[in-house]
There are 2 protein chains.
Amino acid sequence: MTISEVSERFGISQDTLRYYERIGLIDAVPKKSGRRDYGERELDRISFILCMRSAGLPIEVLLEYIDLSRQGDKTAEARRNILIEQRERVQEKIKEMQEACKKLDYKIDVYYTKMLSKEKEIMKATKDS
Amino acid sequence: MTISEVSERFGISQDTLRYYERIGLIDAVPKKSGRRDYGERELDRISFILCMRSAGLPIEVLLEYIDLSRQGDKTAEARRNILIEQRERVQEKIKEMQEACKKLDYKIDVYYTKMLSKEKEIMKATKDS
DNA sequence: TTACCACTTGGAGCAAACTCCAGCGCAAGC
DNA sequence: GCTTGCGCTGGAGTTTGCTCCAAGTGGTAA
């Protein structure tokens, strides 16, 4: 799979894909006549990274996790602990966002009521005149 | 209320408070002998901003919203529309994060199973020897 | 053969949101 | 009156995560 296909498929830029490879988030992608040729292995990695990034995990943390992965089975527990910590963070963030969402809901509703009452005023004014 | 008290109360730095004021997210805070003296009005604003920021609303958007607020009632609908759009964004983000959380759960569980089976192996090896 | 195109590299640049700093001012307490 | 502490300002610096660019290469099509 070419870089443009991967870029299209995941909706991220080619630059970002190369950037991830450069910093070691993706292992060196095999090349065909100088061009990257992404395989299943790479696609899986990319999909994992994007999922985690979308949840807000910092690149630093993903790097650490992937570095540990490369060191084999003996790091399984450390990796698990990273995931557990990150899950906690994500859950906390979700809660915060739900709070904010409630506040937004409330405010939106207040504006709605405001507009309704304004409309009534106009109706009344129209009738009066 | 002094800036250090506000900083403490909301868990944000004094620098950030001054920064928010500088860019107009908070209106000029009244001063007592050259020092900021935060009142209820300011605290409410700060609490709103922090809530929205924690949900990921960009400062740009908050600035726009607050600018509209300053222009009075005639901007009510525009403001409401901003809130509606942002609520959509937040909800989408929450969904993404919940997806990621699921993936994390799954992975954590996989590591757990892995560790269990490793433990078993050790038990067996111990027994065999 | 030449033109074109997608792709390569290393490095610079950028946007957002802070964060830090130097140098100053004021007010209280010793 | 002097020091200590808190706060002030304007401006520079930092971090994160990309994004853009110039110059070069290799395969393909006219």
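Heads up: the structure comes first, above all this text.
Along each chain, residue indices are assigned from 1 in the same order as the chain's sequence is written. For naming, the first written chain is A and the first written ligand is 1, with later ones following in the order written. Under the rules for a predicted model, residues below a pLDDT of 70 receive no local features and side-chain atom pairs below 80 are neither given nor counted, while totals for whole chains, interfaces and linings still include all residues. Excluded from the side-chain calculation are hydrogens and water; included are all heavy atoms of the structure.

Another point: helix α1 (residues 3–10) of chain A. All names here are of chain A. A simple rule labels every residue: compare its accessible area, found with a 1.4 Å probe on the protein chains alone, to the largest value its type can have, and call it buried under 20%, exposed over 50%, or partly exposed in between. Helix and strand labels come from DSSP, where a helix needs a run of H or I of at least four residues and a strand needs a run of E of at least two; each type is numbered from the N terminus. Of all the residues in α1, the buried ones are Ile3, Val6 and Ser7. An end-on view of α1 places all buried positions within 100° of arc, on one side of the element. Counted as exposed and oriented over 90 degrees from the buried face of α1: Glu8 and Arg9. Where α1 is buried, its residues contact α2 (14–22), β2 (35–36) and α3 (40–54). Positioned one or two residues after α1, Gly11 has a phi angle of 70°, which is positive. The directions considered for the arc run from the helix axis to the C-beta atoms. We call two residues in contact when some of their heavy atoms are within 4.5 Å.

This part is about the protein's contact with DNA strand D. Here a residue is near a molecule or strand as soon as one of its heavy atoms is found within 4 Å of it. Contacts to DNA strand D come from 21 residues, most closely from A:Tyr20, B:Arg18, B:Gly34, B:Arg35 and B:Arg36. Among all atoms of DNA strand D positioned within 4 Å of the protein, those belonging to sugar or phosphate total 65%. Polar contacts, as counted here, are pairs of nitrogen or oxygen atoms within 3.5 Å of one another; within protein the pair requires one atom able to donate a hydrogen and one able to accept it, and residues that are adjacent in sequence qualify only if both atoms are side-chain atoms. A distance of 3.0 Å separates a phosphate oxygen of DNA strand D from a polar atom in the side chain of A:Arg53. B:Arg18 is positioned such that a nitrogen or oxygen atom in its side chain is 2.7 Å from a phosphate oxygen of DNA strand D. Counting only elements with at least two residues in the surface near DNA strand D, the list comes to α2 of chain A together with α1 (3–10), α2 (14–22) and β2 (35–36) of chain B. Broken down by element, the surface near DNA strand D gets its largest block of residues, five residues, from α2(A). Per-class residue counts for the surface near DNA strand D are five nonpolar, seven polar and nine charged. Residues are grouped as follows: Ala, Val, Leu, Ile, Met, Phe, Trp, Tyr, Cys and Pro are nonpolar; Asp, Glu, Lys and Arg are charged; every other residue, Gly included, is polar.

Here we take up the environment of B:Pro30. All names here are of chain B. Here Pro30 shows up in the loop between α2 and β1 (31–32). Residue Pro30 is classed as partly exposed on the basis of its relative accessible area of 43%. A C-alpha to C-alpha distance of 56 Å links Pro30 and Tyr111, two positions 81 residues apart in sequence. Excluding residues within four positions of it along the chain, Pro30 makes contact with Arg35, Arg36, Asp37 and Glu42.

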